[in-house]
Amino acid sequence: DGLINPRFKQYPSSSSSTSDNKDSTQQQIHYDFETPEYKSFSDTQQKKWESCRGIGHSFGYNQLEGPTDYLSIEELVHSFVDIVSKNGNLLLNVGPLANGSIPLIQKERLIGLGSWLDQNGEAIFRTRPWSFSEAETTEQPTKIRIRFTTAASTI
């Protein structure tokens, strides 16, 4: 088993093409797992994929990042649920300090996500995408974003 990232545009050794034209090179690019960084897809993907991101803007600890640079617990949960509903996994980077400890702001986010999973894990663990992944309520003034997964015959 292996993971080859499509961002690096690997080509078979017999190909000399370096064009970014997808029509001519898509068959030549070799990868087995999509891994967008700091993003999700707009639609459910047929193949499993993994979104890679840090809790803040950096992939690792950055002493110049402040609280506003980090995802809030709510933003982290929303991102995680969106990714899972579209057949994805979340690889969340935690950047330790030089002494190996995890910064408090990152611990708070991880504990918050864990608490959410304690209450809502059945919508995540051992699930798969449903017929469609997202919707919104029609309530006003604030619409609520909804994401769907299914396990066996349960939505």
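Reading the values: rules and limits
Residues numbered from 1 in each chain as written. Predicted model: local features only at pLDDT ≥ 70, side-chain atom pairs only at ≥ 80, totals over all residues. Heavy atoms only, no water. Phe/Tyr/Trp six-rings, centres within 6.5 Å; stacked < 30°, edge-to-face > 60°. Buried < 20%, exposed > 50% of the residue type's maximum accessible area, 1.4 Å probe, protein only. Helix = DSSP H or I, 4+ residues; strand = E, 2+ residues; numbered from the N terminus. Salt bridge = Lys/Arg side-chain N within 4 Å of Asp/Glu carboxyl O. Lys, Arg positive; Asp, Glu negative; His and termini not counted. Polar contact = N/O pair within 3.5 Å; in protein donor to acceptor, adjacent residues only side chain to side chain. Contact = heavy atoms within 4.5 Å. Expected span 1.5 Å × (residues − 1). Arc of directions from axis to C-beta. Core = buried A, V, L, I, M, F, W, Y, C linked by side-chain atoms within 4.5 Å.

1. Considering the packing of aromatic side chains
If you walk through the whole model with that rule in mind, you get 4 aromatic pairs. Ring geometry for Phe-41 against Trp-49: centres 4.7 Å apart, planes inclined by 85°, an arrangement best described as edge-to-face. A residue is classified by how much of its surface remains accessible, and Phe-41, at 23% relative accessible area, is partly exposed. Residue Trp-49 is classed as buried on the basis of its relative accessible area of 1%. Aromatic side chains Trp-130 and Phe-148 sit 5.3 Å apart centroid to centroid with 45° between the ring planes, which places their arrangement in the tilted category. Of this pair, Trp-130 sits in strand S3 (residues 128–136) while Phe-148 sits in strand S4 (residues 145–150), placing them 18 residues apart in sequence. Given the relative accessible area of 18%, Phe-148 is considered buried. Grouping aromatic residues by their ring pairs yields a cluster made of Trp-130, Phe-132 and Phe-148.

2. Thoughts on the pattern of salt bridges
Enumeration over the complete set of coordinates arrives at 5 salt bridges. A salt bridge links Lys-86 to Asp-82, with the shortest nitrogen-to-oxygen separation between them at 2.8 Å. What makes Asp-82 buried here is its relative accessible area of 9%. Across the pair Glu-108 and Arg-109 runs a salt bridge, and its minimum N-O distance is 3.5 Å. Arg-109 sits in the buried class, given a relative accessible area of 11%. Among the ionic contacts, a cluster of salt bridges with common partners joins Asp-82, Lys-86, Glu-134 and Arg-147.

3. A look at the side chain of Glu-65
Looking at where Glu-65 falls in the secondary structure, it is placed in the loop between strand S1 (49–54) and helix H2 (73–85). Despite its burial, Glu-65 pairs with no opposite charge; the closest candidate is Arg-53, at 7.9 Å N-O. Within the structure, the side chain of Glu-65 is placed 2.8 Å from the backbone nitrogen of His-57, a separation counted as a polar contact. The contacts of Glu-65, once residues within four sequence positions are left out, are Gly-56, His-57, Ser-58 and Tyr-70.

4. Here we look at helix H3 (residues 104–120)
Note on helix geometry: an α-helix contains 3.6 residues per turn, so any two residues three or four positions apart are oriented the same way. Taking 1.5 Å per residue, 17 residues should reach 24 Å; H3 reaches 24 Å between its end C-alpha atoms and fits that length. Buried within H3 we find Ile-105, Gln-106, Arg-109, Gly-112, Leu-113 and Leu-117. Axial view of H3: buried residues confined to an arc of 135°, hence all on one face. Looking at H3, the residues exposed on the side facing more than 90 degrees away from the buried face are Leu-104, Ile-111, Asp-118 and Gln-119.

5. Let's talk about H2
Compared with an ideal rise of 1.5 Å per residue, which puts 13 residues at 18 Å, H2 spans 18 Å between its outermost C-alpha atoms and is within 8% of the ideal. Residues of H2 that are buried: Leu-76, Val-77, Phe-80, Val-81, Asp-82, Ile-83, Val-84 and Ser-85. The inward-facing, buried residues of H2 contact S1, strand S2 (88–93), H3, S3 and S4.

6. Describing the nonpolar core
Counting residues in each nonpolar core, the largest one holds 16 residues, and the members touching the most others are Leu-76, Phe-80, Leu-90, Leu-92, Leu-113, Leu-117 and Ile-124. Listed by contribution, the elements that provide at least two residues to this core are H2, S2 and H3. Top element by residues in this core is H2. It accounts for 6 residues. The residues contacting Leu-92, other than those within four sequence positions of it, are Arg-53, Gly-54, Ile-55, Leu-76 and Leu-110.

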